[in-house]
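# Examining the three-dimensional arrangement
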Amino acid sequence: MNISIIKKEFTELMRDGRAISLSAIVGLLLVLALSTGLSNERTKEQRIFQAKMADAEAFNAQGEKNPHSAAHFSRMAHKPIAPLSSFDPGVSSFLGQVIWLEAHYRNPAMFRAAEDAPELSRLENFSLAGVLTLVIPLLIILLGYGSISGEKERGTLRQLIGSGTSLQTLLLGKFIVISATLFFVLLITVSLSIVTSIVLLDEAAPSMSDLLMRGVSLVSSYGLYVLILTAITLLVSTLVSESKTALLILLAVWAITVVALPRLSASIAEQVYPSPHSHEFWEATDASLEANRPDGASADYAAVEQRVIERAIGRSLEEGEAENLSINARGVRFEVSEVIDSETYNIAFAELFENYAKQRNLRRLLSIFSPTIALQHLSQAFSGTDINAHEHFSNEAERQRNDIVRMLNEEMMLNGSGGTSRYLAPAEFWETVPEFQYRQPSIGSTWRQSFPDFFILLFWGWICLVALFLLGRTRAEF
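So, how was this worked out
Residues numbered from 1 in each chain as written. Predicted model: local features only at pLDDT ≥ 70, side-chain atom pairs only at ≥ 80, totals over all residues. Heavy atoms only, no water. Helix = DSSP H or I, 4+ residues; strand = E, 2+ residues; numbered from the N terminus. Contact = heavy atoms within 4.5 Å. Areas by Shrake-Rupley, 256 points an atom, 1.4 Å probe, with all protein chains shown as cover. Axes fitted to C-alpha atoms, helices over the stretch in contact; angles between N-to-C directions. Parallel < 35°, antiparallel > 145°, perpendicular 65-115°, else oblique. Left-handed = near helix turned anticlockwise from the far one by under 90°. Nonpolar A, V, L, I, M, F, W, Y, C, P; charged D, E, K, R; others polar. Core = buried A, V, L, I, M, F, W, Y, C linked by side-chain atoms within 4.5 Å. Buried < 20%, exposed > 50% of the residue type's maximum accessible area, 1.4 Å probe, protein only. pLDDT = per-residue confidence, 0-100. Patch = residues over 30% accessible without salt bridge, like charges linked within 9 Å, V, L, I, M, F, W, Y side chains within 5 Å. Salt bridge = Lys/Arg side-chain N within 4 Å of Asp/Glu carboxyl O. Phe/Tyr/Trp six-rings, centres within 6.5 Å; stacked < 30°, edge-to-face > 60°. Lys NZ or Arg CZ within 6 Å of the ring centre and 35° of its normal. Expected span 1.5 Å × (residues − 1). Bend = angle between axes of the 7 residues up to and from the residue.

## Some remarks on the overall build of the protein chain
Helix and strand counts for the protein chain come out as 16 helices and two strands. Within the protein chain, contacts between residues at least 6 apart in sequence are counted, and of these 83% link residues at least 24 apart. Approximately 23200 Å² of the protein chain is accessible, and the part contributed by carbon and sulfur atoms is 61%.

## Let's talk about the packing of helix α12 (residues 299–313) against helix α13 (residues 329–366)
Two elements in contact, α12 and α13, have axes separated by 9 Å at closest approach and are oriented at 115°. It follows from the interaxial angle that α12 and α13 lie roughly perpendicular. Helix-helix and strand crossings are classified by hand; for α12 and α13 the assignment is right-handed. Residue-level contacts link Y301, V304, E305, R307, V308, I309 and R311 of α12 to V332, R333, E335, V336, V339, I340 and E343 of α13. Classifying every residue of the contact of α12 with α13 gives eight nonpolar, no polar and six charged.

## Observations concerning the nonpolar core
Within the largest apolar cluster, 59 residues are counted, with the highest numbers of intra-cluster contacts made by F87, L182, Y222 and L468. When residues in this core are grouped by element, the largest group, 14 residues, is from helix α9 (residues 208–239). Beyond its immediate chain neighbours, meaning those up to four positions away, F87 contacts S127, L128, A129, L132, T189, V190, S193, L218, Y222, S379 and S383. Judged by nonpolar contacts, the second largest core, of 22 residues, contains A70, V405, A425 and V433.

## Description of the confidence of the model for the protein chain
Averaged over every residue, the pLDDT of the protein chain is 84; residues scoring 70 or more account for 88%. Here helix α4 (residues 113–116) stands out as the least confident element of the protein chain, with mean pLDDT 48; helix α14 (residues 371–383) is the most confident, with 94. Counting interchain partners and residues more than four positions distant, the pLDDT-below-50 stretch residues 114–124 has six contacts.

## Some details on a nonpolar patch on the surface
A cluster of nonpolar residues, F451, F455, F459, W462, I463, V466 and L470, forms a patch on the protein surface that exposes about 700 Å² of accessible area. Structurally, F459 is set in helix α16 (residues 443–475). For F459, a relative accessible area of 44% puts it in the partly exposed group.

## What about the pattern of salt bridges?
Summed over the entire model, instances satisfying the criterion amount to 12 salt bridges. One salt bridge in this structure joins R293 and E290, with 3.0 Å as the shortest N-O distance. The salt bridge involving R406 is made with E410; its shortest N-O contact spans 3.0 Å. A residue pair is termed a helical-turn pair when its members lie 3 or 4 positions apart in one helix, as R406 and E410 do in helix α15 (residues 387–415) at four residues. Residue classification places E410 among the buried positions, given a relative accessible area of 14%. Sharing partners across several salt bridges, the network here consists of R106, E338, E398 and R401.

## Some words on the packing of aromatic side chains
Enumeration according to the criterion identifies 15 aromatic pairs in this entry. With a centroid separation of 6.2 Å and 75° between ring planes, the pair formed by F175 and F469 is classed as edge-to-face. One end of the pair, F175, is in helix α8 (residues 167–199); the other, F469, is in helix α16, with 294 residues separating them in the sequence. In this structure, F175 and F469 share a single accessibility class: buried. Considering the side-chain rings of W447 and F454, the 5.0 Å spacing of their centres and the 75° angle between planes classify their relative orientation as edge-to-face. Under the relative-accessibility criterion, W447 is labelled partly exposed at 25%. Sitting over the ring of F73, K65 keeps its end group 4.7 Å from the ring centre.

## What to know about helix α10 (residues 243–272)
Taking 1.5 Å of rise per residue, the 30 residues of α10 would be expected to cover 44 Å, and the 41 Å separating its terminal C-alpha atoms lies within 8% of that figure. Bending of α10 peaks at approximately 45° at the position of A260, with proline P262 no more than four residues after it. Residues of α10 that are buried: S243, A246, L250, T257, V258, P262, S265 and A269. The secondary structure elements touched by the buried residues of α10 are α5 (128–144), α6 (149–154), α9, α13 and α14.

## Some details on the side chain of S74
With respect to the helices and strands, S74 occurs in the loop between α3 (67–73) and β1 (75–78). For S74, a relative accessible area of 2% translates into the label buried. When neighbours within four sequence positions are excluded, S74 is seen to be in contact with D55, F59, W100, L101, E102 and I404.

And the structure:
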């Protein structure tokens, strides 16, 4: 590789006032996006902290109260700030932030940030991820569309080739300079996002090593994106004879693959695997609950009842012992109902998230036409703001709901009278109910779910590089 080619291209890039101006504009956009994301993150974190404190104070101050009434009052599971939501907010604003852990019901997340945002604040994709995904391709195009076609127009390409410089060497030099420049911008952007996230780490955040690995994963994904777009830009510039033609073609490619296809893929996925309307989901769930509840005199009901009692007393029951135990019957019925219904709720929500997974897989299939789709999946996943992260939070909140309701029902079962009178738990009992301690999913589990998207980006990169250095060499017109 001739180092002088790289030096020449880098010098020309630094002397190009247009390149400096465009880089300054992109830098300003990135600074604004970072400050906006950081401000939103701080505001959310403060609200979550205040809401959690108020929820704990209200629950612990109930005084003497029937445990089942307290189970309906219950607690709230607050979704913590995602590890790198300042980089890519993903779908977190559209899926709700708080889940009410109520007895007898598995509630969806509520308080979606998108519903409360004023219209002017709903600037779609105005985040670090949005700027990198949409604007960086434009910067690559504007820096590279005339790389080879401009040499043709000036008549310098023949001179370079005649002096012994191969077209492959020239392409490689231009490729390295453009991609390295954009990769530097990418590295600075992700690093700043990680630093701000480290400053705002709370008890629910992942470990430092996990956060750093997320940053490395983001740099790898966006780095591949930069390589793909640089290769496409140089290939088009090589195959056409005029710079303006290359610019028009590349702008059309940007509009289709970066802007249109990601939105179109989401619409297609929704049409093929439509998300159920709220009333349809709950009607179907209620019907399943009714169908799956066994008769109180059935063997299935008796088996669940025995399991509930054995779990409460911490040992197996002898035959016929249940009738002689001094246990509150209402508490037993409440807990049996919870055990039976929670299985139905889990199935219903699993099917709902499975439908979301089908939508994501279809979009993943469509990403063979646009690497931007795969990049968006990876960006949200590594930032902890994708649908998989929300599903993890929802399932963990449901486990907490089951634990709380079980604890309250067992308090009534074991400490209430053997009859059906309403038992009042002492005031100090509420402080023994555990807080919701949520831990974000690890980067390892994220990678297992996201590897197909990363493989698609790798495939795109391989195809584009092969096309640039093989097709570009054989089809170039001097």
